[in-house]
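Listed here are the chains, written in short residue letters.
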Amino acid sequence: MVQKNQKLVVEIVDLSSEGAGVAKVEGYPIFVKDTLVGEKVEILVLRANKNYGFGKAINIIEASPDRVEPKCPVASKCGGCSIQHMSYDCQLRYKKNKVYQNLKRIGGFDNIEVEDTIGMDEPFYYRNKAQYPVGYDKGIITGFYAANSHRIIDFDNCYIGSKRNREILNVVKNFIVENNITAYDETTGRGIVRHILIREGHFTGEIMVCLIINGQDLPHQKELIEKLREIPGMASISLNINKKRSNVILGDKVKTIWGQEYITDKIGDISYEISPLSFFQVNPKQTWKLYSKALEYADLHGEETVWDLYCGIGTISLFLAQNAKKVYGVEIVPQAIEDARRNAALNNITNAEFFTGKAEEVLPEQYEKNQVYADTIVVDPPRKGCDSVCLDTIVKMAPEKVVYVSCDSATLARDVKYLGERGYEVKRVKTVDMFPWSGHVETVVLMSRK
Ligand code: SAH
């Protein structure tokens, strides 16, 4: 029986979906952060639950050839990156294998080929969005939450965020200190500044700064504006009001205090307006590669009717509309659909139409009422995958092709299996690394009607 505080020497045999090493002691799995497959490690058992435990590596006895020194000094503490100790090349192999294993185990596909992961040439400074919590530790601190906690690590030099964040963060931090503005305290619900949100247009260089505050107004806001507007590219400064005592970072209300309400960025030839509350992919370079792959799989020639389910702000829909006769997007969040329509107009795209609602309700309704048709259906669902009613309707509509974009290869494998049993076969599987140094992987699968 493995017990808390026990020291053990173990071999790491697997990696969890979050990127932690997994050891097995007489079949009992122990998760050990910052370790790699094949390593022999001395661990201290931190927790021993009934079915699994957690350990801390105290000595790497035999290191994997794929082990590298993390670039970031707070990599092992920070809740952001989970696999900075793994070489980038190994990450790409790991992600491809993860998808392969899920398709095999969950999907039951024995001889499936997963193509090599599309990685980044320079897998740093890729994120276009950062949300820094603000707090106290002797003085005002800003940084990142430690893994699985709300303890703030005081740090302003993140290697996956934009290089420009540091300067912006320092301006805001100095403003807070100089004007004696309080930081929000989660335990008491008092204090003003909760988070600092920075977004940057990757291709346009436009910058947005939004302070999330526990109140209606920010004292001395003029001084903040004076300082921030000097930063090249500054396009939008706003306040987001969040008085709720919850973990949710953003409140519903945004007040623009300087500049525009949004910044603009591009993916390929399509421009998108992004406001503080908009969802937008955080790695635009890789998003372009992912969508290009989806477009390649869809193989459009200008005559096709395409449905894009779970379309968000229409990112994929507008991308596909360039080569299709008509694209229909479906999305549950009404603001996202407003963004999608605005972005369509911004790009003079007139062949995209959007529906607000659940994919599993809108699609059957449209199919039954209006006998809508599709040559290709693209889906990009959240982690839980597609509802079976949605999949059943896809089968009824019988499009020639289904392109499945997924951020969770376990539910992808389940859904692809479901379609596989109902007349579709997998033609191609590609993985794209949208989140270097984390265990996440995006997959795009092309299925054709048999
Ligand atoms: N394709 C988009 C967004 C993908 S994220 C992009 O690449 O930007 C998944 C989206 O599905 C989210 O926008 C979420 O709001 C939406 N969603 C979640 N459940 C849904 C449902 N049942 N029906 C339709 N959309 C849903």
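The sections below set out a description of the structure shown in this document. (Residues numbered from 1 in each chain as written. Predicted model: local features only at pLDDT ≥ 70, side-chain atom pairs only at ≥ 80, totals over all residues. Heavy atoms only, no water.)

## A word on the site of the ligand
Here's step 1: Around the ligand, a shell composed of 17 residues is seen, among which Tyr 291, Thr 315, Glu 331, Ala 359 and Asp 380 lie nearest.
Here's step 2: Here an oxygen atom of the ligand sits 2.9 Å away from a polar atom, N or O, in the side chain of Gln 281.
Here's step 3: Measuring from a nitrogen atom of the ligand, one finds a backbone N or O atom of Ala 359 at 2.9 Å.
Here's step 4: Here the ligand has 580 Å² of accessible area as a free molecule, and 86% of this is covered by the chains.
Here's step 5: Of all elements in the fold, only helix 5 (315-321) and helix 7 (359-370) reach the threshold of two or more residues within the shell around the ligand.
Here's step 6: Considering only residue class, the shell around the ligand consists of 9 nonpolar, 4 polar and 4 charged. (Near = heavy atom within 4 Å. Polar contact = N/O pair within 3.5 Å; in protein donor to acceptor, adjacent residues only side chain to side chain. Areas by Shrake-Rupley, 256 points an atom, 1.4 Å probe, with all protein chains shown as cover. Helix = DSSP H or I, 4+ residues; strand = E, 2+ residues; numbered from the N terminus. Nonpolar A, V, L, I, M, F, W, Y, C, P; charged D, E, K, R; others polar.)

## Some points on helix 9 (residues 409-420)
Here's step 1: With 12 residues, helix 9 extends 15 Å from end C-alpha to end C-alpha; this agrees with the ideal 16 Å at 1.5 Å per step.
Here's step 2: Within helix 9, burial applies to Ser 409, Thr 411, Leu 412, Ala 413, Asp 415, Val 416 and Leu 419.
Here's step 3: At its buried positions, helix 9 is contacted by helix 1 (88-105), helix 8 (388-397), strand 20 (401-406), strand 21 (424-432) and strand 22 (442-449).
Here's step 4: Two or three places before Ala 410, at the opening of helix 9, Asp 408 has a side-chain oxygen 2.9 Å from that residue's backbone nitrogen. (Expected span 1.5 Å × (residues − 1). Buried < 20%, exposed > 50% of the residue type's maximum accessible area, 1.4 Å probe, protein only. Contact = heavy atoms within 4.5 Å.)

## A look at the environment of Gly 302
Here's step 1: Position of Gly 302 among the secondary structure elements: in the loop between helix 4 (284-298) and strand 16 (305-309).
Here's step 2: For Gly 302 and Asp 408, which are 106 residues apart along the polypeptide, the C-alpha to C-alpha distance reads 31 Å.

## Digging into empty space enclosed by the protein
Over the atoms, a rolling probe the size of a water molecule traces out where space has been left empty.
Here's step 1: For the structure shown, the criterion picks out 1 cavity of 30 Å³ or more.
Here's step 2: Each pocket or cavity is described by its volume, and for the largest cavity that value is around 30 Å³.
Here's step 3: Taken together, Asn 128, Arg 199, Glu 200, Ile 263, Ile 274 and Phe 280 make up the full set of residues lining the largest cavity.
Here's step 4: By residue class, the composition of the lining of the largest cavity is 3 nonpolar, 1 polar and 2 charged. (1 Å grid on protein atoms, 1.4 Å probe; cavity = no way out; pocket = protein on both sides within 12 Å on 5 of 7 lines; lining within 4 Å. Points joined across faces, edges and corners; volume = space filled by probe spheres on them.)

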